[in-house]
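# Residue-level structural notes
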Amino acid sequence: MFIETRGNDGVKPIEVSFSDAILSPSASFGGLYVPKQLPKLEENFLQNHINSSYKELAYDILKAFEIDIEEEEIKKALDLYDNFDDASNPCPVVKVKEDLFVHEQYHGPTRAFKDMALQPFGSILSSIAKKRDEKYLILAATSGDTGPAALNTFKNKENIQIACLYPDGGTSDVQRLQMVCEDGKNQKIIGIKGNFDDAQTALKNLLSSQTFKDELEKDGIKLSAANSVNFGRIIFQIIYHFWSYIELLKQEEISFGEKIYLVVPSGNFGNVLGGYYAKHMGVPVEKLLVASNENNILTEWINTGVYDIRNKELILTKSPAMDILKSSNIERVMFSLYGAQRTKELFDDLNNNNIFTLTENETKLLQEEFAAINSDDEYGAKIIKSYLDEGYLMDPHTATCIKAYENLREKDLKTVIYSTAEWTKFSPTVLNALNQDNKTYADKEALEEISSKFNAKLPQSISSLFEAKVMHSIIIEKEKIEEEIIKFIKD
Ligand SMILES: *Cc1c(COP(=O)(O)O)cnc(C)c1O
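Residues numbered from 1 in each chain as written. Predicted model: local features only at pLDDT ≥ 70, side-chain atom pairs only at ≥ 80, totals over all residues. Heavy atoms only, no water.

## Examining the site of the ligand
- The local shell around the ligand holds 15 residues, among which K114, D145, G267, N268 and T420 are the closest.
- Side-chain polar atom of D145 to an oxygen atom of the ligand: 2.7 Å apart, as the coordinates give it.
- N268 has a polar backbone atom sitting 2.8 Å from an oxygen atom of the ligand.
- Contact with the protein chains removes 96% of the 380 Å² of surface that the ligand exposes when unbound. (Near = heavy atom within 4 Å. Polar contact = N/O pair within 3.5 Å; in protein donor to acceptor, adjacent residues only side chain to side chain. Areas by Shrake-Rupley, 256 points an atom, 1.4 Å probe, with all protein chains shown as cover.)

## Concerning the sheet that holds strand β9 (residues 260-265)
- Spatial strand order, β3-β4-β14-β9-β10-β13: six strands in an open sheet with mixed pairing. Each edge of the open sheet is held by one strand with a lone partner, namely β3 (93-97) and β13 (370-374). Strand-to-strand, the axes of this sheet are offset by a mean angle of 25°, without reference to chain direction.
- Here three bridges tie β9 to strand β14 (residues 415-419), and the two strands are oriented parallel to one another. Across the sheet, the residue bridging to Y261 is T415, located in β14. (Pairing = 2+ DSSP bridges. Helix = DSSP H or I, 4+ residues; strand = E, 2+ residues; numbered from the N terminus. Axes fitted to C-alpha atoms, helices over the stretch in contact; angles between N-to-C directions.)

## Quick look at helix α12 (residues 270-280)
- For α12, the tally of buried residues reaches 10 of 11 residues, placing the bulk of the element in the interior.
- Within the sequence span of α12, burial applies to G270, N271, V272, L273, G274, G275, Y276, Y277, A278 and K279.
- Phi turns positive, to about 120°, at G282, one or two residues after α12. (Buried < 20%, exposed > 50% of the residue type's maximum accessible area, 1.4 Å probe, protein only.)

## Some thoughts on the pairing of β9
- The buried fraction of β9 amounts to six of the six residues, a majority that puts the element mostly inside the structure.
- Of the two faces of β9, the one holding I260, L262 and V264 and the one holding Y261, V263 and P265 are both buried throughout.
- The pairing of β9 with strand β10 (residues 285-292) spans six bridges and is classified as parallel. Across the sheet, the residue bridging to I260 is V285, located in β10.
- One crossover worth recording links β9 to the parallel β10 by way of α12, and it is right-handed. (Right-handed = clockwise from strand over helix to strand, strands pointing away.)

## Overview of the sheet that holds strand β8 (residues 221-225)
- On the basis of which strands lie adjacent, the open sheet formed by five strands has the order β8-β5-β6-β7-β15 and parallel pairing. A single partner strand is all that each edge strand has here, and the edge strands are β8 and β15 (475-476).
- Bridging between strand β7 (residues 187-192) and β15 involves two bridges; their strand directions are parallel. Paired with G191 across the strands is I475, a residue of β15.
- Packing of helix α6 (residues 146-154) onto the sheet brings it into contact with β5 (135-141), β6 (160-167) and β7, and relative to β6 it is tilted by some 165°.
- Contacts between helix α8 (residues 196-207) and the sheet are confined to β5, β6, β7 and β8, with β5 contributing the most and set at about 155° to the helix. (Contact = heavy atoms within 4.5 Å.)

## With respect to the packing of helix α5 (residues 114-131) against helix α11 (residues 236-250)
- Running from amino to carboxyl end, α5 crosses α11 at an angle of 135°, the nearest separation of the two axes being 9 Å. Judged by the inter-axis angle, α5 sits oblique to α11. Viewed along their axes, α5 and α11 form a crossing whose handedness is right-handed. Taking contact as the criterion, the partners of M116, A117, P120, F121 and I124 in α5 are, on α11, F236, Q237 and Y240.
- Split by residue class, the contact of α5 with α11 holds seven nonpolar, one polar and no charged. (Parallel < 35°, antiparallel > 145°, perpendicular 65-115°, else oblique. Left-handed = near helix turned anticlockwise from the far one by under 90°. Nonpolar A, V, L, I, M, F, W, Y, C, P; charged D, E, K, R; others polar.)

## Structural notes on α8
- Between its terminal C-alpha atoms α8 stretches 16 Å, which fits the 16 Å expected from 12 residues at 1.5 Å a residue.
- When we look at burial in α8, the residues that qualify are A199, A202, L203 and L206. Down the axis of α8, the buried set is contained in an arc of 100°. They therefore lie on one face.
- On its buried face, α8 sits against β5, β6, β7, α9 (210-217), β8 and α22 (481-490). (Expected span 1.5 Å × (residues − 1). Arc of directions from axis to C-beta.)

## Observations concerning the packing of aromatic side chains
- Going through the model one piece at a time under the given rule, you end up with 15 aromatic pairs.
- Within the aromatic cluster, the residues linked to one another by ring pairs are F2, F18, F231, F269, Y276, Y277, W301 and F370.
- The ring of Y59 has K75 lying over it, and the distance from NZ or CZ to the ring centre is 4.8 Å.
- The aromatic ring of F29 is capped on one face by K344, whose charged end is 4.7 Å from the ring centroid. (Phe/Tyr/Trp six-rings, centres within 6.5 Å; stacked < 30°, edge-to-face > 60°. Lys NZ or Arg CZ within 6 Å of the ring centre and 35° of its normal.)

## Describing the environment of Q161
- Along the chain, Q161 turns up in strand β6.
- For Q161, a relative accessible area of 19% puts it in the buried group.
- Considering only alpha carbons, one finds Q161 and G184, 23 residues apart in sequence, at a separation of 9.8 Å.
- If we skip the residues at most four places from it in the chain, Q161 touches Y136, L137, I138, N186, I221, F488 and I489.

## Thoughts on the pattern of salt bridges
- This structure, assessed with the given rule, holds 36 salt bridges.
- One salt bridge in this structure joins E15 and K36, with 2.5 Å as the shortest N-O distance. Residue E15 is located in the loop between β1 (2-4) and α1 (18-23), and its partner K36 is located in the loop between β2 (33-35) and α2 (45-48); the two are separated by 21 residues in the primary sequence.
- According to the relative accessible area criterion, E15 is partly exposed, its value standing at 30%.
- K36 sits in the partly exposed class, given a relative accessible area of 47%.
- A network of salt bridges, in which partner residues are shared, links K95, E98, E253 and K414. (Salt bridge = Lys/Arg side-chain N within 4 Å of Asp/Glu carboxyl O.)

## A short note on the nonpolar core
- One finds F236, F242, F269, W301 and F370 to be the most contacted residues of the largest nonpolar core, which totals 144 residues.
- Ranked by residue count, the leading element in this core is α11, at 10 residues.
- For F236, the contacting residues outside a window of four places in its chain are Y54, L62, L78, Y81, M116, A117, P120, F121 and I124.
- With 21 residues, the next largest nonpolar core counts L139, I190, I192 and L203 among its residues. (Core = buried A, V, L, I, M, F, W, Y, C linked by side-chain atoms within 4.5 Å.)

## Some remarks on the side chain of K114
- Along the chain, the position of K114 falls in helix α5.
- Ignoring sequence-local partners within four residues, the contact set of K114 consists of D145, T146, A149 and R233.

Just distances and angles here, no functional claims.
And the structure:
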């Protein structure tokens, strides 16, 4: 069962099932749903899975959560890992240095880590909707990676329609083409004249608008969202942290019980939250190391206990998926460490005053779990270049992890960094780093130059985008979004 991070308002149920928590992810007082308790795994769970496939491991972890989804539906969802480069090992853990390993999370259909959770999540959500005989409109706002992954997973799924908002001019060519060339019958992709913040604000307004919900209700449609506040995504993000450990065991890089560091490039804190849960379910993790870019709010929070956005503005960086001011999933960690009453108090402070302050003791508890550091684009460019000189090509999000690897480790332990995107999604930035210039490259040009000059593999799903037909060319003012979505529903 699932409970609420800010306590119960006396109107919503005190506990809800997994399927309720994922169909309506907003809890009392603006809080989130979390598991009432983390499952206890059998004592030798890790050793027992040393020869398991990813799907077998995933199945056993999901089963331990006792979620209200039928076995057959869980298996069907996990079969979506067949869409990855290697179904038996969808997220390979690759050795780069004696004590440094890269967990590549980008081998799915849209070449970024969002596929790891959204692929199976789309299948689960559609199966619940079908079973309940309900229809859902899924809304998504994207700065580039969530949109393609959500559109891909919900494409032509029964009982689901999906509308996706992106900032026109605010994504890379590859990301935009991955969306606007989609040809599913249940998809609507809308470019907004504005930035990502405008798209996200428009989304939040629609999610809380009663007139919009009433209008959908007339057609028997309910509203849901596919962002990472949804526990249906988080649950799939716990599994791969187990995989990191099991892979190192399998590769005989560690012996059982030996602790490791995990380094996660973070924005909304969903990826590293999965690592936190995995640690508390028994994966021997020394500490979770959080990497940020110039938007250093997470670093400040972890290092000082103060979350202060009063004088902060969002900085647009070359690792845009980590550009964040308000990070949603820190709430689940705070609930776990400080309880519901205190979590509500702190988030009320943040909402009212744009700041909250942890006590010294609370900060200490946080620092027992996490350490954090941030870096800028110039550092990222140097890292991309120097690692390729050693034979490993990485994207700008992954590059932020190296700063944490170099500076935050207090012990000499094996370290896994998470690579959240393939270089193909951010090829102009990668080419600038490799050529040590700051020319403006188009994606197509940069993709071709990198793949020929540095012998890097260009997946068919990316190269084919430039020949694909654009199906969604609409770009509108944000005031027109609601009208446009209603039109889509009525069609
Ligand atoms: C979404 C994303 C992140 C941030 O992950 P969170 O779970 O939001 O912390 C980092 N890198 C890339 C490439 C992403 O797409």
